[in-house]
Every structure is written in structure tokens, then in C-alpha cells.
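These are the residues of each chain, in order.
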Amino acid sequence: MMDASGRAAIFNSGRWHWHSAVIRDRKLTLSAQRVAQLLFDLQNVDRGFAWPSRVHIARELRISLPTVKRAIRQLEQRGWLAINRSRGRGHANEYRLAFGQAGSEQAAAE
């Protein structure tokens, strides 16, 4: 069984690989890259995801709420985020780093 520091090391290694690939995705807008950076920073090692509200993201990055929504949609469509959508008011979505379609395209291009 792996201890907590071993799990954290694996999580962080994957997280940095994700970050490196996302910033090289030329199909992402700069706003999507900024949102990705913030979600990267907010990832919780123990839980494996981040859960900021869209309002928090907008305030933190000083961008509009519609821009945040578009950026999150773009990241999800490109395969960079897996989202567990909350049910109801006052519950934030869970954002997990993902290596879907965009990750496959990135690997093929290298």
C-alpha cells in the first residue's frame, strides 16, 4: 500500500504533465488557459479535484462570469477537464484534470 506522500508525488507529477500540455494547446483561448491555471493551482491532493464556484473563478481572474463559463466549456470540450456537476444552489462543481481528446492530439503532435 502506498503512503500519502507517494500518492501526492504521483498526483503532482500527473498534474504538472497536464499543466505543460494545456499551456501548449493552441486551440485554447487565453481565458481558458487562465482558468486552467487557476484550477491547476486549486487542485486538492487528498480529494483529487478542485471545487471553486464560477463566481470565485471570475473574481480571482478579474474576468466576466460568461467568460468563465465559456472557458470551462472549452476546457471540457477539449478534454482537459472532467466535471462532476453539482445539484442545486450553493454547491460547487468538482473539476478534475483530464487527458481526453486534447491530450491524445498533443501526444500525437510530439
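Before reading on, note that the structure itself is shown above.
Let me sum up the structure you'll find in this document. (Residues numbered from 1 in each chain as written. Predicted model: local features only at pLDDT ≥ 70, side-chain atom pairs only at ≥ 80, totals over all residues. Heavy atoms only, no water.)

**Let's talk about the layout of surface pockets**
Empty space among the atoms becomes apparent when a probe as large as a water molecule is rolled across them. If you add up the space inside the largest pocket, you get close to 230 Å³. The wall of the largest pocket is formed by Pro52, Ser53, Arg54, Val55, Leu65, Arg85, Ser86, Gly90, His91, Ala92, Asn93 and Tyr95. For the lining of the largest pocket, the per-class residue count stands at five nonpolar, five polar and two charged. (1 Å grid on protein atoms, 1.4 Å probe; cavity = no way out; pocket = protein on both sides within 12 Å on 5 of 7 lines; lining within 4 Å. Points joined across faces, edges and corners; volume = space filled by probe spheres on them. Nonpolar A, V, L, I, M, F, W, Y, C, P; charged D, E, K, R; others polar.)

**Focus: the packing of aromatic side chains**
The relation between two aromatic rings is expressed through the spacing of the ring centres and the mutual angle of the planes. Using the criterion set out here, one finds four aromatic pairs in the structure. Measuring from centroid to centroid gives 6.5 Å for Trp18 and Trp80, while their planes differ by 85 degrees, and the two rings are edge-to-face. Of this pair, Trp18 sits in helix 1 (residues 4-23) while Trp80 sits in the loop between helix 4 (65-77) and strand 1 (81-84), and the two are 62 residues apart along the sequence. Note on Trp18: relative accessible area 0%, which makes it buried. One aromatic cluster in this structure is built from Trp16, Trp18, Phe40 and Trp80. The ring of Phe40 is capped by Arg15, whose NZ or CZ atom sits 4.2 Å from the centre of that ring. (Phe/Tyr/Trp six-rings, centres within 6.5 Å; stacked < 30°, edge-to-face > 60°. Helix = DSSP H or I, 4+ residues; strand = E, 2+ residues; numbered from the N terminus. Buried < 20%, exposed > 50% of the residue type's maximum accessible area, 1.4 Å probe, protein only. Lys NZ or Arg CZ within 6 Å of the ring centre and 35° of its normal.)

**Topic: the packing of helix 3 (residues 54-61) against helix 4**
The description of two helices packed together rests on the angle between their axes and the distance between the axes. Viewed as axis vectors pointing N to C, helix 3 and helix 4 meet at an angle of 110 degrees, and their least axial separation amounts to 9 Å. As the angle between them shows, helix 3 and helix 4 are arranged roughly perpendicular. Within the contact between the two elements, helix 3 uses Arg54, Val55, Ile57 and Ala58 and helix 4 uses Leu65, Val68, Lys69 and Ile72. Its residues assigned to classes, the contact of helix 3 with helix 4 comprises six nonpolar, no polar and two charged. (Axes fitted to C-alpha atoms, helices over the stretch in contact; angles between N-to-C directions. Parallel < 35°, antiparallel > 145°, perpendicular 65-115°, else oblique. Contact = heavy atoms within 4.5 Å.)

**Structural notes on helix 4**
The first and last C-alpha atoms of helix 4 sit 18 Å apart over 13 residues, in line with the 18 Å expected at 1.5 Å per residue. Considered for burial, the residues of helix 4 that qualify are Thr67, Val68, Ala71, Ile72, Gln74 and Leu75. Each buried residue of helix 4 sits inside an arc of 160 degrees when the element is viewed along its axis, so together they form one side. At its buried positions, helix 4 is contacted by helix 2 (30-42), helix 3, strand 1 and strand 2 (94-97). One or two steps after helix 4, the chain reaches Gly79, where phi turns positive at roughly 90 degrees. (Expected span 1.5 Å × (residues − 1). Arc of directions from axis to C-beta.)

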